[in-house]
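A structural walkthrough
Chain residues, written in single-letter form:
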Amino acid sequence: MAKAAVQFACTECGYAAGRWFGKCPGCDAFGSLVEEAPEAASTKAASRPLLRLVDVNAEEAKRISTGVPELDRVLGGGLVPASLVLVGGEPGVGKSTLLLTALGAISATGLRALLVTGEESTAQVKLRAARLGGTDQVEILAETELDAVCATLESERPDVCVIDSIQTLYASDMSSAPGSVGQVREAAGRLLRVAKEFGVATILVGHVTKDGAVAGPRVLEHLVDCVLQFEGDRYHAHRVLRATKNRFGSTNELGVFEMTGEGLVGVPDPSELFGKTLPGEIGSAVACALEGTRPILLEIQSLVAPTDLAMPRRVGTGVDPKRLAMIVAVLSRHAGIALGSADVFVNVAGGLRIDEPGADLAIALAIASAARGAPVREGVAAFGEIGLTGRLRPAAQSERRLEECAKFGVVAVIAPEGTRSRSKIRVSDSGTLRDALRAGLEAREENPRKSA
């Protein structure tokens, strides 16, 4: 009988190889390849009857509201029964707090909510539950053995179950340690089968790597129906929840939370929080970005400083560095702003991240304001995509953006040519970037010559 081949798998990215490497070829991590036990030979299964799609009964199941409006928004309206959701985030960001709050709200509606904890004892969870309140009906199980967890789900069949966390579960028939690639893959696969077969909406809590990605094999993200990323700094009060994968809704929705003494509280109007600027402040502009179906006002801050380096720095926090370099190049070429010997720093206030091109114009306004020393006109917001030719291109759903600007007292909006508003807000539609800068920046006062 031939000996089974030995496999080495990376604990960071799931890369598998037939021999050990000191440095993983997949993610360049050092010392992350561990030996995996060979899988047992599978027995031949009997064939199953086939169905035609026309005969499949596809009744849409009613979503389960989590009781947290911001979480429901990101999920696409609530939890879908028998779905598998993966929630990732840095330690201390508030994953367990958010999910315990959601379980408390679900149990208050009469549904069964179960928390399977492998990282904390029941007493530790009780202390957090006492601080949050409203979680008396939540059921809890402190267990890390995968067989026991699956057997409990099959017998009890709760409506919603939270596994905190997937890296703590282990299968006793596998020799690898808990948290290894093989254990995580086996746990996710078996929990997926239980969730689909018995109709249990399951939420998995996953650890993240130093780069912010969900730890473990990439197959974990492919197995689940929805992947939620919890972002934020543990030393700041605000957190952002976004979906990177969602089979039942949009991946562009954004949820904003504030960490308080009573737990995480949703922020229904993030524009009022992140879109405030000081009048006359140089290097600051207001962008009206679109996150899914939600328009949001954000403050863009910029600093332009002379540099002695041969290659000036283009540093962006919350914006794409490549997009920032393109905007700087267009400003230099088509707007007459010399930035070749200056460092350019751009920051999105509040720790948010902008991915859409509709914020290009506000970023350019902030950089031009810092470079010229002229503040952006008071009460002005901007949105629009910048082309390489210096021409402004229309942004999607401009009417929703204008309504958000009018809601929070914006006097005028600088937008691409052809943008029209049904409200009373004044729109300065510009065809080129140079025209937009002329309309958005205050004129600099020139020093009058002294008379002789």
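Heads up: these notes are all about the structure in this document.

Criteria and thresholds
- Residues numbered from 1 in each chain as written.
- Predicted model: local features only at pLDDT ≥ 70, side-chain atom pairs only at ≥ 80, totals over all residues.
- Heavy atoms only, no water.
- Phe/Tyr/Trp six-rings, centres within 6.5 Å; stacked < 30°, edge-to-face > 60°.
- Helix = DSSP H or I, 4+ residues; strand = E, 2+ residues; numbered from the N terminus.
- Core = buried A, V, L, I, M, F, W, Y, C linked by side-chain atoms within 4.5 Å.
- Buried < 20%, exposed > 50% of the residue type's maximum accessible area, 1.4 Å probe, protein only.
- Contact = heavy atoms within 4.5 Å.
- Salt bridge = Lys/Arg side-chain N within 4 Å of Asp/Glu carboxyl O.
- Pairing = 2+ DSSP bridges.
- Right-handed = clockwise from strand over helix to strand, strands pointing away.
- Axes fitted to C-alpha atoms, helices over the stretch in contact; angles between N-to-C directions.
- Parallel < 35°, antiparallel > 145°, perpendicular 65-115°, else oblique.
- Left-handed = near helix turned anticlockwise from the far one by under 90°.
- Nonpolar A, V, L, I, M, F, W, Y, C, P; charged D, E, K, R; others polar.
- Arc of directions from axis to C-beta.

Attention now moves to the packing of aromatic side chains. Tallied over the entire structure, the rule returns 1 aromatic pair. Residues Phe230 and Phe257 carry aromatic rings whose centres are separated by 6.0 Å and whose planes lie at 90° to one another, so their mutual orientation is edge-to-face. With Phe230 in strand β9 (residues 226-231) and Phe257 in strand β11 (residues 254-260), this pair connects stretches of sequence that are 27 residues apart.

Residues Ile300, Leu331, Ile367 and Leu433 are the most contacted members of the largest nonpolar core, which totals 49 residues. By residue number, the principal contributor to this core is helix α9 (residues 360-372), which donates 9 residues. Residues within four places of Leu331 in sequence aside, it is in contact with Gly336, Ile337, Leu339, Ala364, Ile367, Leu433 and Leu437. If you look at the next biggest cluster of nonpolar residues, it comprises 33 residues, including Leu71, Leu79, Leu99 and Val138.

Under the counting rule described, the total for this entry stands at 19 salt bridges. A salt bridge links Arg242 to Glu231; the nearest nitrogen and oxygen atoms lie 3.3 Å apart. One end of the pair, Arg242, is in strand β10 (residues 238-246); the other, Glu231, is in strand β9, and 11 residues separate them in sequence. The residue Arg401 makes a salt bridge to Glu356 at a minimum N-O spacing of 2.8 Å. One end of the pair, Arg401, is in helix α10 (residues 398-407); the other, Glu356, is in the loop between β16 (342-348) and α9, with 45 residues separating them in the sequence. Exposure remark for Glu356: the relative accessible area of 19% places this residue in the buried category.

We now examine the pairing of strand β7 (residues 160-164). Most of β7 is tucked away: 5 of the 5 residues are buried. Residues of β7 alternate between two faces, with Val160, Val162 and Asp164 on one and Cys161 and Ile163 on the opposite face, all of them buried. Where β7 meets strand β8 (residues 201-206), 5 bridges bridge the pair, whose relative direction is parallel. Paired with Val162 across the two strands is Ile203, which belongs to β8. At this point the chain moves from β7, through helix α5 (residues 181-198), to the parallel β8, and the crossover so formed is right-handed.

Next up on the list: the side chain of Ser430. Examined against the element boundaries, Ser430 turns out to sit in strand β21 (residues 426-430). By relative accessible area, Ser430 is classed as buried at 5%. Aside from chain neighbours lying at most four places away, what touches Ser430 is Leu392, Ile414, Ala415, Pro416, Glu417, Asp435 and Ala436.

Another point: the packing of α9 against helix α11 (residues 433-440). At their nearest, the axes of α9 and α11 sit 10 Å apart, and the two run at 60° to each other. Between α9 and α11, the angle falls in the class oblique. At the point where α9 passes α11, the crossing takes the right-handed sense. Within the contact between the two elements, α9 uses Leu361, Ala364, Leu365 and Ala368 and α11 uses Leu433, Ala436, Leu437 and Gly440. Considering only residue class, the contact of α9 with α11 consists of 7 nonpolar, 1 polar and no charged.

Time to look at the sheet that holds strand β4 (residues 84-89). Pairing is mixed across the open sheet formed by 9 strands, whose spatial order is β6-β5-β7-β8-β4-β9-β10-β11-β12. Two strands bound the open sheet, and with one partner strand each, they are β6 (139-142) and β12 (263-266). Pairwise comparison of adjacent strand axes, ignoring direction, gives a mean angle of 25° for this sheet. Here β11 runs beside β12; their pairing, made up of 4 bridges, is antiparallel. Considered in β12, the bridge of Thr260 is made with Gly263. Packed on one face of the sheet, helix α3 (residues 122-132) meets β5 (113-117), β6 and β12 and runs near 150° to β6.

Turning our attention to the packing of helix α8 (residues 321-334) against α9. Between α8 and α9, whose axes approach to 10 Å, the crossing angle comes to 60°. Between α8 and α9, the angle is such that the two are oblique. The chirality of how α8 crosses α9 is right-handed. Here α8 contributes Arg323, Leu324, Met326, Ile327, Val328 and Leu331 to the contact with α9, which in turn contributes Asp360, Ile363, Ala364 and Ile367.

This part covers α3. When α3 is considered as a whole, its buried residues turn out to be Val125, Arg128, Ala129 and Leu132. Buried residues in α3, looked at end-on, bunch into an arc of 100°, giving them a common side. Opposite its buried face, α3 presents the exposed residues Lys126, Leu127 and Ala130, each directed more than 90 degrees away. Where the residues of α3 are buried, they touch α2 (95-108), β5, β6 and β12. Phi turns positive, to about 80°, at Gly133, one or two residues after α3.

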